[in-house]
Amino acid sequence: MPGSNKSPTGSNPATPGKGSRRTSNTKTRQSSGKSKTGGRTMSFSSAKSAAESVETPAVTKLRKARGDELEDTGAETPPGDLKPVFLSAPTQSIFGCTTDSEVTVEEPFKLIPKQAIVDDMVKRAAVSDFSVVKQTIQNYAGDSILIAYDPYFKFGENFYIALTEEAKERILKDPEREGGGEGGDDEDGEGEGEPEDLTVYEYQPPESKPWESLGSEMEIEDHIIKHSRDLVTMKVSRQRKLFGAPLVKWKNRSSHAGRDAYIECVSSSEQDSKSFELSRMEMETGVQAIQSYTTESAQTEWVFPTNAATQYEPREFDEETKQRLMQSEEFASTVETAKPRLDLGLQHNVVMNAFVDDWSLLAVEDTTFGSKQDGYLKEYQSFTDLKNSKNKTVTCMDWHPTLKGVVAVSYGERCTLEERVDNLSKIQLTPSLILIWSFSDPIQPQLILEAPDDICAFRFNPTDPYLVAGGCVNGQVVLWDISGQNEERLKRSKRAKVTKANTMNTLPGYIDESSIITPVVNYCAVSMIDQSHKNWVTDLQWIPDHIDINRQGQILENHKASCVELVTSGCDGHVMFWDIRAPKGTSNLKPHDNPLKVPNTFKYLDLLWKPIMRIPIHRTDGHGEHSPYVFSYRETQGDRSILPTLDAEEERQEEERRKQAESVGLRPSSPKEKKVLQGASTHYFVGTEDGEIIYLDWTLEKDTETGKLVHKSPEWVKATHDGPVKTLDRSPFFKEVLLSVGGWNFCIWLEACAEPLMQSQSHNCQLTHGRWSPTRAGVFFISKSDGCIDVWDLLDRTSDPVLTQSVSPHAITKLNPIKISTNQQLLAIGDSYGTLHVLEVPWVLRQGAAKEPQAVMSYLEREKERLEYMETRREGRLLEKRERDAKIQQQKQLDAAASKVTDEEERASAEREVQQYFTLEKKLRIELGLEEEVL
């Protein structure tokens, strides 16, 4: 080994078994001491003490992990092209540089590919030990980077890195120059070029000296344990038949472990003696003045099992026996005997229902109307993801139709339009996700649905829950398929947790990602960008499974009970209808490469999906279009009352027609074979971004001028809100009753009325969302921008909410109630900071009275009558005003005519007076002789 110094007699006797390594270290320490002391040679004992005082790397690492203050070990300042780093045990295992096994004092160097270090920094980010020199490694010119093991912490860490190619070449050519190899170079460069020290040290045994007492023997005497009494001895024996049995193990036992703080060891002779008695000289005990108690248990009395049978099908007589019994005199007498009692029972049923459940209605009226016990929302669960929901807002949420306790939440960027335009490049790089949470794991989402852009509205398919449809900010409509393994993952009640054995050897903040990976599901179909909305999709709903809508807007019957169509609205002024069924000619699709394992369920729609019907919402004045925000149509999922009932014969004929169509190659589900439902309503409500409520029909009509089919104009438009309409929710008890929320107020509508039945006053803050209660007909929830929830009860009072509760310090964006069971109802609330709160609705607000729907409907009918009365009064006032104005106009005309007659009479009277004056003047002139009378 270079630089080693061996004695002529073999190994150094002071360090047996160490060989040249200890000699080399001693030589280097001696040369260092020589340079510091001006040429004085260090003794062998001093060199040995210096070598043993060097702290090992393992001890130094342990002290650093504990946070102990390390003493100044005289670490040198490294050159500018070297960088000391601390590599932890996991990092050493990753790059194959484990100390004392893969890199040693003799072989301290390791070349690591640059790309491997860059990949490690990308994967582990700040957890990577190379993050301190991230920029330098990225700018490194070479393909491999040299790291060197520094066992004596010369530069303060256990490794150092060569930052340039020149430093790497210099260290590899002269490893002792930079402290590598076996102890480092000499300080201040004085060791270069000096001759090797060949001094041979001889071992001199120490000389013994006479003992001199300094008083320490007294201290040693004090620390020696001396017995104050003889030790207790015990002899243990066993019978001969027990020879070979396992030995008895003796152990110490604390005195506090016994009941009376001691263990009594009584000899056999004392046990046999009945007169044995032990006198207690002193005993310590405690007494507490409390009532004594006992614990008892009992089990159900066991009953001997016996065979039992239950009849689940009725036994019937044959037809001959039935006829014989029906015609017998005994049967006729039995009927005659039971007839009076049967008549009495029918009369009782008319007066009172004998089969009503009185226990279910016990004390319901009192607890529902006016009771304030347990009348607040309880926090049940909350969901947030520090990685995927950070700096984002909840845009939409939806409960799984079949799996209880599973909820999906979509997130969007929390920014204005100007901020979105300025940071468009950064936002496009951020993934747009829908997180599906489960109550079984509130920390980690079960599934992640990836979208091309931020999702503003989405819904689970009510009949096929593995299908999810969503609308994006860019106007496109997206479909996901979560069937297969993803669906099974949602059905599991418990997730696999990371065990302690998997995390005990990992660094703090670094956990194996393979143990907690959440599947990411890519979308399987997206609509054409030029055929989609030109603005963000504001609302999305699935068409109910019992109806089907064709391209002319007609409602057809759907007996397949499957939701295959959906409706979307956007701020571009259109409402669009979409169909997810495969068009003709798509059955022969060729297989293609699928590296992302996206399901081919809707491959025929991907980038080819177009709406089957596009409805523009024109303004009534003909200038421009409205901006639809939400919409609501009359038909609801699960209500099949409008479907015609088919008897057995019609069903058989329908099945024969279907089989015949399939035999000739026709599509059995073609719209031409379906019947038009006459009782279905094609009218729907639309809430706009300007706070207007519009009522219109989506069917087409023929234009009188061109003869083409065009969409109908709105029947009426009411501007009742002073902000965007965020909610149009139909009551689950009455299809014709709607709740609209927007701006600073909310309204309740009846589809037959063009005016709201109830309109609230303006609130102190803006209202963000609202939903009806799924279990009580008169209760609905309103969310506000100040983080509070208002609960209204129409049967309690209509001027103020019955409950106002603060849920979040941030603005609430969405809320969605769901009925889990008869004893539990939950309310999901999403705020603007990406947190989903799940609250439990109290019994008072979820359990209604027996006749609450009738009472609510009576109240709405009275409000309708009030509106009709107000309309009648308004029309009467208008009629009275018109009559009054007509009378005034007629009087003015009469006055004008009368004034005209009076002028003519005055003119005639003036002419008569003038004529009389002239006659009198002529007569006077004749009398005076001034004029001769003409005969």
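Residues numbered from 1 in each chain as written. Predicted model: local features only at pLDDT ≥ 70, side-chain atom pairs only at ≥ 80, totals over all residues. Heavy atoms only, no water.

Draft legend 1. View of the pairing of strand β18 (residues 565-570). Burial of β18 is extensive: 6 of the 6 residues sit out of reach of the surface. Neither face of β18 is left uncovered, since the one carrying E565, V567 and S569 and the one carrying L566, T568 and G570 both have all their residues buried. Two strands pair when backbone bridges link them, and strand β15 (residues 537-542) and β18 are joined in this way by 5 bridges, in the antiparallel orientation. Of the residues in β18, the one forming a bridge with V537 is G570. Between β18 and strand β19 (residues 574-579), which follow one another and run antiparallel, lie 3 residues, and G573 among them has a positive phi close to 95°. (Buried < 20%, exposed > 50% of the residue type's maximum accessible area, 1.4 Å probe, protein only. Helix = DSSP H or I, 4+ residues; strand = E, 2+ residues; numbered from the N terminus. Pairing = 2+ DSSP bridges.)

Draft legend 2. Main features of the sheet that holds strand β36 (residues 824-831). Taking strand neighbours across the sheet as the criterion, the 4 strands line up as β5-β37-β36-β35 in an open arrangement whose pairing is antiparallel. Only two strands of the sheet have a single partner each, and these edge strands are β5 (378-383) and β35 (812-821). Adjacent strand axes in the sheet meet at a mean angle of 20° when their direction is disregarded. Taken together, the 5 bridges between β36 and strand β37 (residues 836-840) define a ladder with antiparallel strand orientation. Counted as the bridge partner of L826 is E840 from β37. (Axes fitted to C-alpha atoms, helices over the stretch in contact; angles between N-to-C directions.)

Draft legend 3. Quick peek at the packing of aromatic side chains. Inspection of the entire model under this criterion finds 23 aromatic pairs. When the ring of F685 is compared with that of W716, the centres are 5.9 Å apart and the planes differ by 70°; the resulting orientation is edge-to-face. Residue F685 is located in strand β22 (residues 683-688), and its partner W716 is located in strand β26 (residues 716-719); the two are separated by 31 residues in the primary sequence. Put simply, the rings of Y380, F383, W399, W437 and F439 touch in pairs and so form one group of aromatic residues. Cation over ring: R414 sits above Y833, and NZ or CZ is 3.9 Å from the ring centre. (Phe/Tyr/Trp six-rings, centres within 6.5 Å; stacked < 30°, edge-to-face > 60°. Lys NZ or Arg CZ within 6 Å of the ring centre and 35° of its normal.)

Draft legend 4. The arrangement of a nonpolar patch on the surface in detail. A cluster of nonpolar residues, M234, V236, V248 and W250, forms a patch on the protein surface that exposes about 500 Å² of accessible area. Looking at where V248 falls in the secondary structure, it is placed in the loop between α8 (216-222) and α9 (268-272). Accessibility expressed as a relative area gives 54% for V248, which makes it exposed. (Patch = residues over 30% accessible without salt bridge, like charges linked within 9 Å, V, L, I, M, F, W, Y side chains within 5 Å. Areas by Shrake-Rupley, 256 points an atom, 1.4 Å probe, with all protein chains shown as cover. Salt bridge = Lys/Arg side-chain N within 4 Å of Asp/Glu carboxyl O.)

Draft legend 5. Representation of the side chain of S438. One can find S438 in strand β8 (residues 432-438). Its relative accessible area of 8% is what places S438 among the buried residues. Polar side-chain contacts of S438 include one of 3.1 Å to the side chain of S440. Once residues lying within four places of it in the same chain are set aside, the contact partners of S438 are F383, G405, V406 and Q446. (Polar contact = N/O pair within 3.5 Å; in protein donor to acceptor, adjacent residues only side chain to side chain. Contact = heavy atoms within 4.5 Å.)

Draft legend 6. Molecular detail of the side chain of D545. Relative to the helices and strands, D545 is located in the loop between β15 and β16 (547-549). Judged by its relative accessible area of 4%, D545 falls in the buried class. Side-chain polar atoms of D545 contact the side chain of Q637, separated by 3.1 Å. Those residues within four positions of D545 in sequence are excluded, and the remaining contacts are T463, N558, A561, S562, C563, Q637 and R640.

Draft legend 7. Inspection of the pattern of salt bridges at higher detail. The final tally for this structure, using the stated rule, is 28 salt bridges. Across the salt bridge formed by K735 and D639, the nearest N and O atoms sit 2.8 Å from each other. One end of the pair, K735, is in the loop between β27 (725-730) and β28 (737-742); the other, D639, is in the loop between β21 (628-633) and α17 (648-663), with 96 residues separating them in the sequence. Two residues, E755 and K718, come together in a salt bridge whose shortest N-O distance is 3.0 Å.

Draft legend 8. Examining the sheet that holds strand β6 (residues 392-399) more closely. Taken in spatial order, the 5 strands make up an open sheet running β6-β7-β8-β9-β13, and their pairing is mixed. Each edge of the open sheet carries a strand with a single partner, namely β6 and β13 (520-522). Across the sheet, the mean angle from the axis of one strand to that of its neighbour is 25°, orientation sign disregarded.

Draft legend 9. Examining a negative patch on the surface more closely. Together, D903, E904, E905 and E906 line one region of the surface with negative charge. Structurally, E905 is set in helix α19 (residues 852-927). A residue is classified by how much of its surface remains accessible, and E905, at 53% relative accessible area, is exposed. (Lys, Arg positive; Asp, Glu negative; His and termini not counted. Charge placed at Lys NZ, Arg CZ, Asp CG, Glu CD.)

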